[in-house]
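Secondary and tertiary structure notes
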Amino acid sequence: MQWMKFRPIYFLLSGVAILVSLYAIFTWKFQLGIDFTGGTIVEYREETPSGVQDTTKKFGPEFTQENATGFVQSNEVQTGNKTTLLRYETVGPTLSKELLQKTYVAIALASVVILFWIAYQFKSIQFGICALLATLHDTIILLGTFAILGKYAEGEVDILFVTALLTVLSFS
């Protein structure tokens with residue numbers, strides 16, 4: 001079968017996906033995780049009569065370990081269910097700003113290395129530019145998907161997302 005005769009349809013689908021992604025990125029932005037915003041995350045397990053439920057709550061950076069323990073104890077008193085503190089993690093905003101800057105540098109560096117590696121291997125900068133555009137296409141759609149997930153499903157951009165983004169950049 002000749003797949004290239006459907007090329008206009010493929011370009012249309014790709015263009016729509018990019019436009020929707022760009023709209024989502026610039027309109028809804030990203031739900032940044034605690035790695036980027038700073039603050040405290042408390043994860044606790046509550047044993048209810050209907051089963052076990054794990055819950056995660058976010059607080060500002062002024063929230064301390066003692067506050068987390070008190071929060072879990074007050075939850076236990078209010079609900080009558082056995083509650084256990086699973087995780088308490090604090091990230092400062094200075095670390096967050098530094099992490100965001102390093103993320104931008106890593107993405108830019110990965111893009112430049114890919115461009116030059118492909119240009120070197122194929123003896124033409126045109127192939128490198130085409131590969132970089134294909135990678136940009138995949139990355140924009142991935143970022144748009146996470147902007148949509150952040151809007152409708154509370155999907156957060158955290159350090160694991162950055163890892164996934166760099167993986168897409170290297171494999172596209």
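Residues numbered from 1 in each chain as written. Predicted model: local features only at pLDDT ≥ 70, side-chain atom pairs only at ≥ 80, totals over all residues. Heavy atoms only, no water.

Core analysis: the biggest nonpolar cluster contains nine residues, these being Ala24, Ile25, Phe36, Leu143, Ala147, Val157, Phe161, Val162 and Leu165. Secondary-structure elements contributing two or more residues to this core are α1 (7-28), α5 (125-152) and α6 (159-171). Looking at this core, the element that brings in the most residues is α6, giving three residues. Residues contacting Phe161, with those up to four places away along its chain left out, are Leu142, Leu143 and Phe146. The next biggest cluster of nonpolar side chains, apart from the first, holds five residues, and it includes Val42, Tyr44, Ala68 and Val72. (Core = buried A, V, L, I, M, F, W, Y, C linked by side-chain atoms within 4.5 Å. Buried < 20%, exposed > 50% of the residue type's maximum accessible area, 1.4 Å probe, protein only. Helix = DSSP H or I, 4+ residues; strand = E, 2+ residues; numbered from the N terminus. Contact = heavy atoms within 4.5 Å.)

Right, let's talk about the pattern of salt bridges for a bit. Applying the stated rule across the entire model yields two salt bridges. The residue Glu43 makes a salt bridge to Arg87 at a minimum N-O spacing of 3.6 Å. Of the two residues, Glu43 sits in strand β1 (residues 39-48) while Arg87 sits in strand β3 (residues 82-91), which places them 44 residues apart along the sequence. Judged by relative accessible area, Arg87 falls into the partly exposed class, the value being 33%. (Salt bridge = Lys/Arg side-chain N within 4 Å of Asp/Glu carboxyl O.)

All right, on to the confidence of the model for the chain then. Detailed reading of the predicted model is not advised wherever pLDDT is low. Looking at the chain, pLDDT values average 83 and 93% of them are 70 or higher. Looking at the elements of the chain, mean pLDDT is at its lowest for strand β2 (residues 51-59), recorded as 70, and at its highest for α1, recorded as 96. (pLDDT = per-residue confidence, 0-100.)

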